Amino acid sequence: MNSLLEGATSFQQKQPYPWVSIQDFLYRDRFDALCRDLPDPSLFEAQMGYQRAHGQRSHDRLALQYRPALEPQLAPSWREFLHELQGEDYRNFWRHMLGLGSRTPIIFTMHWHYAPRGASVSPHTDARRKIGSHIFYFNTPADWDEAWGGQTLVLDDDGKWPRHSAPDYADLREAGASQVLGNRSFLFAQTDHSWHAVKELTCPPGHFRKVFIVVANRLTAQVLWRRVRGKDADGYRLAG
C-alpha cells in the first residue's frame with residue numbers, strides 16, 4: 001500500500017478520471033484464504049433483467065450486500081477482512097488517494113457479485129453520493145481465463161455525454177482496463193464522466209466472475225435519511 005500512497009498525486013491526475021489497477025493489495029496468504037472462503041451462492045439474490053435508469057441495459061449477476069447480520073454465515077477470513085476494511089487505516093487510505101481532509105466522513109458499503117456467462121455491465125457512471133469504488137477480483141487460474149473477459153473497462157466520453165444517459169461502446173473510447181487474475185484490484189474515483197463497464201462474459205456455463213466491491217460514499221442528506229430508516233448508503237436494509 002505504501003507505493004500506492006506515494007502515487008496519490010498521479011492517481012488524482014489520471015485521465016479521463018482517477019483510476020489505478022493494483023496488484024498484491026492483499027497478502028498472498030490472505031488472498032488465497034478469501035478465494036477459498038467466498039460466500040456460498042445460496043446466500044445471493046439473482047438480479048437479472050432489471051430495468052435500469054436512463055435506458056441502460058441490465059447488469060445481470062448474483063448479488064450479496066454486506067450487513068452485520070450476515071457475519072455468522074461468513075468464514076473467519078472474511079469476517080476479519082471486513083473488520084479491517086471498516087477501520088480507520090483503510091478509510092485514511094481513501095482520504096489520501098483522493099486528497100481529502102483527515103476528518104472527511106466516508107461511509108462504506110460493500111457487496112459481492114457473481115456474474116455468469118453472457119452477463120455484462122453496460123457503460124455507466126455511478127451515483128453522485130459515491131466518492132469511488134474499490135473492486136477486488138477473486139478468480140484464480142483454476143476457475144477463470146482472462147480470455148473470457150471480466151475486466152473493468154475505463155471509458156472516455158471526451159466530456160460529451162451527461163451522466164444520466166446510455167452511451168454505447170461505439171460512443172466511448174477505451175482508455176484502460178483492469179486485470180482479473182493474480183491478486184488484483186481496481187480503484188477509481190467517481191466523477192460526472194467516470195464511465196466504466198464490463199463486456200459480455202464468455203466463460204463456460206458454471207463459471208462465474210467473482211468480485212467484492214467496496215463503495216466509498218459521501219455523507220449526504222440521502223445517506224443520512226437512509227440511515228435513519230435503517231438502511232445503508234445503497235438503500236439496503238441493515239437488519240435481517
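Right, let's walk through the structure included here. (Residues numbered from 1 in each chain as written. Predicted model: local features only at pLDDT ≥ 70, side-chain atom pairs only at ≥ 80, totals over all residues. Heavy atoms only, no water.)

### What to know about the nonpolar core
Worth spelling out the cut-off: Buried residues of nine kinds, namely Ala, Val, Leu, Ile, Met, Phe, Trp, Tyr and Cys, make up a nonpolar core once their side-chain atoms join them within 4.5 Å. Exposed residues in this analysis have more than 50% of their type's maximum accessible area, buried residues have under 20%, and partly exposed residues fall in between, with area computed by a 1.4 Å probe over protein chains only. Secondary structure is summarised from DSSP: a helix means a run of H or I of at least four residues, a strand means a run of E of at least two, and numbering begins at the N terminus for each.
One finds Trp 78, Tyr 90, Trp 94, Trp 112, Phe 136, Phe 138 and Phe 212 to be the most contacted residues of the largest nonpolar core, which totals 38 residues. It is helix α5 (residues 88-98) that provides the largest number of residues to this core, a total of five residues. Counting residues in each nonpolar core, the second largest holds 20 residues, with Ala 115, Val 154, Val 180 and Val 198 among its members.

### Topic: the packing of aromatic side chains
How we decide: Here a Phe, Tyr or Trp ring, Trp counted by its six-membered ring, pairs with any other such ring whose centre lies within 6.5 Å, and the pair is stacked when the planes are under 30 degrees apart, edge-to-face when over 60, and tilted otherwise.
Inspection of the entire model under this criterion finds 20 aromatic pairs. Ring centres of Phe 25 and Phe 93 lie 5.5 Å apart, and the angle between their planes is 55 degrees; on these two criteria the pair is classed as tilted. Note that Phe 25 is positioned in the loop between β1 (19-23) and α3 (28-36) and Phe 93 in helix α5, a separation of 68 residues in sequence. Note on Phe 136 and Phe 212: the rings are 6.5 Å apart at their centroids and 40 degrees apart in plane angle, and the pair reads as tilted. With Phe 136 in strand β6 (residues 130-137) and Phe 212 in strand β11 (residues 209-217), this pair connects stretches of sequence that are 76 residues apart. Judged on exposure class, the residue Phe 136 and its partner Phe 212 are both buried.

### Focus: the sheet that holds strand β8 (residues 173-177)
As a reminder, the rule being used: One requirement defines pairing of two strands: DSSP has to find at least two bridges between them. Lines fitted to C-alpha atoms define the axes here, with helix axes fitted over just the stretch in contact, and angles between the N-to-C directions of these axes take values from 0 to 180 degrees.
On the basis of which strands lie adjacent, the open sheet formed by four strands has the order β5-β10-β7-β8 and antiparallel pairing. Every other strand in the sheet has two partners, leaving β5 (121-124) and β8 as the edge strands with one partner each. Neighbour to neighbour, the strand axes of the sheet diverge by 25 degrees on average, direction disregarded. Across four bridges, strand β7 (residues 153-156) lies against β8 in antiparallel orientation. Across the sheet, residue Val 154 finds its bridge partner in β8, namely Gly 176.

### Considerations on the side chain of Arg 129
Worth spelling out the cut-off: Pairing of N or O atoms within 3.5 Å defines a polar contact, subject to two protein rules: one partner must be a possible hydrogen donor and the other a possible acceptor, and residues neighboring in sequence count only if both atoms are side-chain atoms. Any two residues whose heavy atoms approach within 4.5 Å at even a single point are treated as in contact.
Looking at where Arg 129 falls in the secondary structure, it is placed in the loop between β5 and β6. For Arg 129, a relative accessible area of 11% translates into the label buried. A distance of 3.4 Å separates the side chain of Arg 129 from the side chain of Gln 222, its partner in a polar contact. Excluding its chain neighbours within four sequence positions, the residues that come into contact with Arg 129 are Ala 216, Asn 217, Arg 218, Thr 220, Gln 222, Val 223, Arg 226, Ala 233 and Asp 234.

### As for the sheet that holds strand β3 (residues 61-65)
What the seven strands build is an open sheet, ordered β1-β9-β6-β11-β4-β3-β2; its pairing is antiparallel. Unpaired on one side and paired on the other, β1 and β2 (45-47) mark the two borders of the sheet. Taken over all neighbouring pairs, the strand axes of this sheet differ in orientation by 25 degrees on average, direction set aside. Pairing between β2 and β3: three bridges, direction antiparallel. When the bridges of β3 are listed, Glu 45 appears paired with Ala 63.

### Brief notes about the state of the cysteines
What counts here: Any pair of cysteine sulfurs within 2.5 Å is marked as a disulfide.
For the coordinates displayed, the defined rule picks out zero disulfides. Cys 35 forms no disulfide, and the closest cysteine sulfur to it belongs to Cys 203, at a distance of 16 Å.

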